[in-house]
Amino acid sequence: MTVQATATLPQHIAIIMDGNGRWAQQRHLPRTVGHAKGSSGVRGLVEHCAKLGVKYLTLFAFSTENWNRPADEVSTLMGLFVQYLEKEMSSLAAAGVQLKVIGDVAGFAPELQTRIQAAEKATQHNQTITLVVAANYGGQWDVVQAVKNWQAAHPEASADQLTQAQLAQYLSTAGMPDVDLLIRTGGEQRISNFLLWQSAYAELYFTDVLWPDFDRVQLEKAIYWYGQRQRRFGLTSDQFLKAAV
Ligand code: FPP
């Protein structure tokens, strides 16, 4: 593995956008208002990441477990996603954003699947930043679907022949760098089945700030914190310092 520890800017930031419901409840508003507010801030953050030079931003929009929420909340989240694709994609596309959706999208309504495909196709050659939206996504699902797809592509092969590098090519994030900085807003300190494989060496940044309040200043604070970390990728401090010079 190449030690990239001297880089102070994360190439790939992933965010668990937690706290929408509490943000709304604190204001005596329905939880769905919190989701709407949380969604409206996404565009500014994507643009800011692009401006700073971050190449990949992955957002956890909807987990496989989120289907268990009340029906009106699930439909609000779906609606926001559709609206996002409709309203924001053209301006993001003009700013050089490539959209990629990861997750079991077959579980979504056909209309949403069509919109997702169209937005991915329309932005596929953009190179400023890749916005990855994890929707109906779970990290354990991702590993299992990767194994199944690897086996389907190599019907004669036995599991003994499967390497980590090969399996990575069948994850939904194939071709992307692993996560450098994983941010979770909203005060909880857990990964909640997000990018489990891809976050193996990620720096984990937890903040009490609720997602609707997570703005550019908060983002820069997290990136600054990341810049202070010494990423050793399993090396000792001495080995790390030698490798970094
Ligand atoms: C967690 O807050 C947030 C979600 C389950 C959904 C996040 C979705 C969005 C911000 C909107 C769609 C995103 C895009 C990219 C268009 P919570 O409800 O768990 O909050 P709580 O912990 O305060 O209850």
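An account of the accompanying structure is given in this report. No experiment lies behind these values; they were computed from the predicted model shown.

1. Topic: the pattern of salt bridges
Here is step 1 of the chain: Scanning all chains against the criterion turns up 10 salt bridges.
Here is step 2 of the chain: Its salt-bridge partner being Glu 47, residue Arg 43 comes within 3.3 Å of it at the nearest N-O pair. Taken together, the positions of Arg 43 and Glu 47, both in helix α3 (residues 42-52) and 4 residues apart, correspond to about one turn of that helix.
Here is step 3 of the chain: Residue Arg 43 is classed as partly exposed on the basis of its relative accessible area, which comes to 31%.
Here is step 4 of the chain: Of the residues examined, Glu 47 reaches a relative accessible area of 29% and is grouped as partly exposed.
Here is step 5 of the chain: In this structure, Arg 115 and Glu 111 form a salt bridge, with 2.6 Å as the shortest nitrogen-oxygen distance. Of this pair, Arg 115 and Glu 111 both sit in helix α5 (residues 110-122), 4 residues apart, which is roughly one turn of that helix.

2. Here we look at the layout of surface pockets
Here is step 1 of the chain: The volume enclosed by the largest pocket comes to roughly 750 Å³.
Here is step 2 of the chain: As for the largest pocket, its lining consists of 33 residues, of which Met 17, Phe 60, Ala 61, Phe 62 and Asn 66 are closest to the centre.
Here is step 3 of the chain: Those elements giving two or more residues to the lining of the largest pocket turn out to be α1 (20-26), α2 (31-40), β2 (56-63), α4 (71-94) and β4 (129-137).
Here is step 4 of the chain: Considered class by class, the residues forming the lining of the largest pocket number 16 nonpolar, 9 polar and 8 charged.

3. Focus: the sheet that holds strand β5 (residues 181-184)
Here is step 1 of the chain: With respect to topology, 6 strands assemble into an open sheet ordered β3-β4-β2-β1-β5-β6, the strand pairing being parallel. At either end of the open sheet lies a strand with only one pairing partner, and these are β3 (97-102) and β6 (203-206). Along the sheet, successive strands turn relative to each other by an average axial angle of 20°, direction set aside.
Here is step 2 of the chain: Pairing of β3 with β4, which is carried by 6 bridges, proceeds in the parallel orientation. By the bridge assignment for β4, Val 101 is matched with Val 133.
Here is step 3 of the chain: Lying on the sheet, α4 is in contact with β2, β3 and β4; it crosses β3 at an angle near 155°.

4. Let's talk about the site of the ligand
Here is step 1 of the chain: The environment of the ligand is formed by 17 residues, the closest being Met 17, Asp 18, Arg 22, Arg 31 and Arg 69.
Here is step 2 of the chain: One nitrogen or oxygen atom from the main chain of Asn 20 is found 3.2 Å from an oxygen atom belonging to the ligand.
Here is step 3 of the chain: Here an oxygen atom of the ligand and a backbone polar atom of Arg 22 are 2.7 Å apart.
Here is step 4 of the chain: Contact with the protein chains covers 92% of the free accessible surface of the ligand, which is 630 Å².
Here is step 5 of the chain: If you map the ligand onto the pockets, it falls in the largest pocket.
Here is step 6 of the chain: With 4 residues, α2 is the single largest residue contributor to the shell around the ligand.

5. Quick word on the packing of α4 against α5
Here is step 1 of the chain: α5 packs onto α4 with a crossing angle of 30° between their chain directions and a minimal axis gap of 11 Å. With respect to α5, the axis of α4 lies roughly parallel. Taken as a pair, α4 and α5 cross one another with a handedness that is left-handed. For the pair α4 and α5, the contacting residues are Met 78, Phe 81, Val 82, Leu 85, Glu 86 and Met 89 in the first and Leu 112, Arg 115, Ile 116 and Ala 119 in the second.

Parameters at a glance
Residues numbered from 1 in each chain as written. Predicted model: local features only at pLDDT ≥ 70, side-chain atom pairs only at ≥ 80, totals over all residues. Heavy atoms only, no water. Salt bridge = Lys/Arg side-chain N within 4 Å of Asp/Glu carboxyl O. Helix = DSSP H or I, 4+ residues; strand = E, 2+ residues; numbered from the N terminus. Buried < 20%, exposed > 50% of the residue type's maximum accessible area, 1.4 Å probe, protein only. 1 Å grid on protein atoms, 1.4 Å probe; cavity = no way out; pocket = protein on both sides within 12 Å on 5 of 7 lines; lining within 4 Å. Points joined across faces, edges and corners; volume = space filled by probe spheres on them. Nonpolar A, V, L, I, M, F, W, Y, C, P; charged D, E, K, R; others polar. Pairing = 2+ DSSP bridges. Axes fitted to C-alpha atoms, helices over the stretch in contact; angles between N-to-C directions. Contact = heavy atoms within 4.5 Å. Near = heavy atom within 4 Å. Polar contact = N/O pair within 3.5 Å; in protein donor to acceptor, adjacent residues only side chain to side chain. Areas by Shrake-Rupley, 256 points an atom, 1.4 Å probe, with all protein chains shown as cover. Sits in = over half its atoms within 2 Å of the grid points. Parallel < 35°, antiparallel > 145°, perpendicular 65-115°, else oblique. Left-handed = near helix turned anticlockwise from the far one by under 90°.

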